[in-house]
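In case you want the letters, here they are:
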Amino acid sequence: MLPGDIRLHTPALTLAGQQWQDLTATLSQSMAGEMTVNAQGKDIIGSLVTKQNEPWVANLKYLYYNPQWDSKGTSSSPLPDDAARVNFSGWPALRLNCDECWLRGQKFGHMKADLTPSGDTLTLENGLIDSGNTHLTVKGEWVNQPGQQRTSLKGVLSGKKINDATNWFGVSSPLRDSPFKLEYDLHWQSAPWQPSEQTLSGVLKSHLGAGQIADVSTGRAGQLLRLVSIDSLLRKLRLDFSDTFSQGFYFDSINGTAWIENGVMHTDNLLVDGLE
């Protein structure tokens, strides 16, 4: 038992690749042996509760984590190139909840995860990232057997506007203003942070609601897309062809399923519906 609460304060603490500013940590222990660490600073506000033979519980109201790793070594990240060296058999289970998370300077928003190690398998349940524009659910597992590594992830990526989501991922897309839902079930024979294109396999199911494909104004193909849209045919009946030669093709929905096998993706049911 601790004799009482232990309180530590430092103007700066360098830990895990980041300098934590104006940090106060309080360590306390209950009569039942429950240990609680409360942390408050400019970069973190939250608590960690540990109980013997029970999952650790981390509740964070705020986290800003932007590590600056020393690049002098062979890797600029603490994650090892040889994932087989990672041994999580002695790790405790963890229940994580973060109300407002910033990672590597990017706003991730609300994050949740339940991590449970069992032998050479680490299981993820109830994974969630909700940035406001994008909602991602995920579950899966990492099997870390030497020579038989396998990562599997399954979940749903959704949002109200697909261009807001692609911008969040740093990807430019011609799709605009469409609500979307992408169901994924993927696996590969490597560590989670080392996706293997050669062994990547699984299924992607996508649904996009009404939106626009921008910048299709040039060429016959773009004009043809707009001509086959019944949404625009009503204007043709009024002898109004201005939309045929304007930028963008408006659609009601896009649906399709893609299968991936050893890094090669194919689909045979992609449907772009421009009809009302």
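None of the values given here were measured: they were computed from a predicted structure.

### Examining the overall build of the protein
Then, number 1: Each helix and strand counted, the protein has three helices and 18 strands in total.
Then, number 2: By the burial criterion, 35% of the 276 residues in the protein qualify as buried.
Then, number 3: Long-range pairs, those at least 24 residues apart, make up 44% of the contacts in the protein between residues at least 6 apart in sequence.
Then, number 4: For the protein, the accessible area works out to roughly 16900 Å², and carbon and sulfur atoms hold 56% of it.

### Considerations on the state of the cysteines
Then, number 1: Counted according to the given criterion, the structure contains one disulfide.
Then, number 2: Two residues share a disulfide in this structure: Cys98 and Cys101, whose sulfurs sit 2.0 Å from each other. A torsion of 125° about the S-S bond marks the disulfide between Cys98 and Cys101 as right-handed. As far as burial versus exposure is concerned, Cys98 and Cys101 are alike and both buried.

### Remarks on the pairing of strand β13 (residues 201–208)
Then, number 1: Judged from the eight bridges that link them, strand β12 (residues 180–188) and β13 form a sheet pairing that is antiparallel. Its bridge partner being in β13, His187 is matched across the sheet by Ser201.
Then, number 2: In this sheet, strand β16 (residues 253–261) lies alongside β13 in antiparallel orientation, the contact comprising seven bridges. If you follow Lys205 over to β16, its bridge partner there is Thr257.

### Comments concerning unusual backbone geometry
Then, number 1: Despite not being glycine, Asn126 shows a phi value in the positive range, around 55°.
Then, number 2: Residue placement: Asn126 occurs in strand β8 (residues 121–130).
Then, number 3: Residue classification places Asn126 among the exposed residues on the basis of a relative accessible area of 51%.
Then, number 4: The phi angle at Asn262 is positive, at roughly 50°, despite the residue not being glycine.
Then, number 5: The residue Asn262 is located in the loop between β16 and β17 (264–266) in this model.
Then, number 6: Among the residues examined, Asn262 registers a relative accessible area of 47% and is labelled partly exposed.

### Regarding the sheet that holds strand β14 (residues 211–213)
Then, number 1: Read across the open sheet, the three strands follow the order β11-β14-β15; overall the sheet is antiparallel. With partners counted over all chains shown, the strands left at the sheet margins are β11 (175–176) and β15 (249–251), one partner each.

### A closer look at the environment of Thr121
Then, number 1: Position of Thr121 among the secondary structure elements: in strand β8.
Then, number 2: Sequence-wise, Thr121 and Arg150 are 29 residues apart; in three dimensions their C-alpha atoms are separated by 9.5 Å.
Then, number 3: For Thr121, the contacting residues outside a window of four places in its chain are Phe88, Thr116, Glu141, Trp142 and Val143.

### Notes on the layout of surface pockets
Then, number 1: Of the pockets and cavities examined, the second largest pocket occupies roughly 380 Å³.
Then, number 2: In this structure, the second largest pocket is lined by 21 residues; those nearest its centre are Leu182, Leu204, Ser206, Leu208 and Gly256.
Then, number 3: Among the secondary structure elements, those contributing two or more residues to the lining of the second largest pocket are α1 (162–168), β12, β13, β16 and β17.

### A short note on the pattern of salt bridges
Then, number 1: As enumerated under the stated definition, the model contains one salt bridge in all.
Then, number 2: Residue Lys51 is joined to Glu34 by a salt bridge in which the shortest nitrogen-to-oxygen separation is 3.4 Å. Residue Lys51 is located in the loop between β4 (44–50) and β5 (56–65), and its partner Glu34 is located in the loop between β2 (18–29) and β3 (35–40); the two are separated by 17 residues in the primary sequence.
Then, number 3: Judged by its relative accessible area of 36%, Lys51 is partly exposed.

Here is what the cut-offs are and how they apply
- Residues numbered from 1 in each chain as written.
- Predicted model: local features only at pLDDT ≥ 70, side-chain atom pairs only at ≥ 80, totals over all residues.
- Heavy atoms only, no water.
- Helix = DSSP H or I, 4+ residues; strand = E, 2+ residues; numbered from the N terminus.
- Buried < 20%, exposed > 50% of the residue type's maximum accessible area, 1.4 Å probe, protein only.
- Contact = heavy atoms within 4.5 Å.
- Areas by Shrake-Rupley, 256 points an atom, 1.4 Å probe, with all protein chains shown as cover.
- Disulfide = S-S within 2.5 Å.
- Pairing = 2+ DSSP bridges.
- 1 Å grid on protein atoms, 1.4 Å probe; cavity = no way out; pocket = protein on both sides within 12 Å on 5 of 7 lines; lining within 4 Å.
- Points joined across faces, edges and corners; volume = space filled by probe spheres on them.
- Salt bridge = Lys/Arg side-chain N within 4 Å of Asp/Glu carboxyl O.

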